[in-house]
Amino acid sequence: MLAIGTKAPAFAAESTQGTVRLADHLGKRPIVLIFYPKDNTPICTKQLCAVRDSKAQYADYDALVLGVNPGSLEEHRQFSQKFGYDFPLVTDSGETIRQMYDVGQTLFGLLGQQRIVYVIGRDGTIRYAARGNRPTAEIVAALARDSK
């Protein structure tokens, strides 16, 4: 996991909403990166539904929210449509984004990547980093701290 204060690595990747170029947003607005293991699994679905249901809270900070995992673009599209996710799910097919952000794998990679949430501040640095399915209030609090 990258340390707080680290400059966030830029990447470009395909998503359910077209190509995402992180460099276009770094230093301009806060970004929430949610690394989650797998589409259509109970905890991942719950985690991303919480993001969907908290859209207004993220919008208050003009935060770009991105879900990231190595699933295919087609898997992401189906998952996104099934649950009405209105934020991009990024496909990390070569797992380069996972590696740039020092996100480990679970059980030798059999169950996918670790679940980590990063908040990248308006200055382009990591302001919050935590493992697990983090509560929305905790993520929004990190966005609030960054906006001061």
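Structure: see above.
So, here is what we can say about the structure in this document. (Residues numbered from 1 in each chain as written. Predicted model: local features only at pLDDT ≥ 70, side-chain atom pairs only at ≥ 80, totals over all residues. Heavy atoms only, no water.)

### Side note on the nonpolar core
- Formed by 24 residues in total, the largest nonpolar core has its most connected members in Val32, Leu48 and Tyr58.
- Those elements giving two or more residues to this core turn out to be strand 3 (31-35), helix 1 (42-53), strand 6 (116-120), strand 7 (126-131) and helix 5 (136-146).
- Sorting elements by how many residues they give to this core places helix 5 first, with 5 residues.
- Setting aside its immediate chain neighbours within four residues, Leu48 contacts Ile34, Tyr36, Phe79, Tyr85, Phe87 and Leu89.
- Of all hydrophobic cores here, the second largest spans 22 residues; its members include Val20, Leu26, Ile97 and Ile126. (Core = buried A, V, L, I, M, F, W, Y, C linked by side-chain atoms within 4.5 Å. Buried < 20%, exposed > 50% of the residue type's maximum accessible area, 1.4 Å probe, protein only. Helix = DSSP H or I, 4+ residues; strand = E, 2+ residues; numbered from the N terminus. Contact = heavy atoms within 4.5 Å.)

### A word on the environment of Leu22
- Examined against the element boundaries, Leu22 turns out to sit in the loop between strand 2 (18-21) and strand 3.
- Leu22 sits 93 residues away from Arg115 along the chain, and the two C-alpha atoms are 20 Å apart.
- For Leu22, the residues in contact, after removing those within four places along its chain, are Pro9, Ala10, Phe11, Ile31, Leu66, Tyr101 and Ile120.

### Focus on the packing of aromatic side chains
- Inspection of the entire model under this criterion finds 9 aromatic pairs.
- Here Phe11 and Tyr101 contribute two aromatic rings whose centre-to-centre distance is 6.3 Å and whose plane-to-plane angle is 85°, an arrangement assigned as edge-to-face. Here Phe11 is found in the segment before strand 1 (12-15), whereas its partner Tyr101 is found in the loop between helix 4 (96-100) and strand 6, with 90 residues between them in sequence.
- Between Phe83 and Tyr85, the ring centres sit 5.9 Å apart and the planes meet at 20°, which makes this aromatic pair stacked.
- Taking the relative accessible area as the measure of exposure, Phe83 reaches 21% and is therefore partly exposed. (Phe/Tyr/Trp six-rings, centres within 6.5 Å; stacked < 30°, edge-to-face > 60°.)

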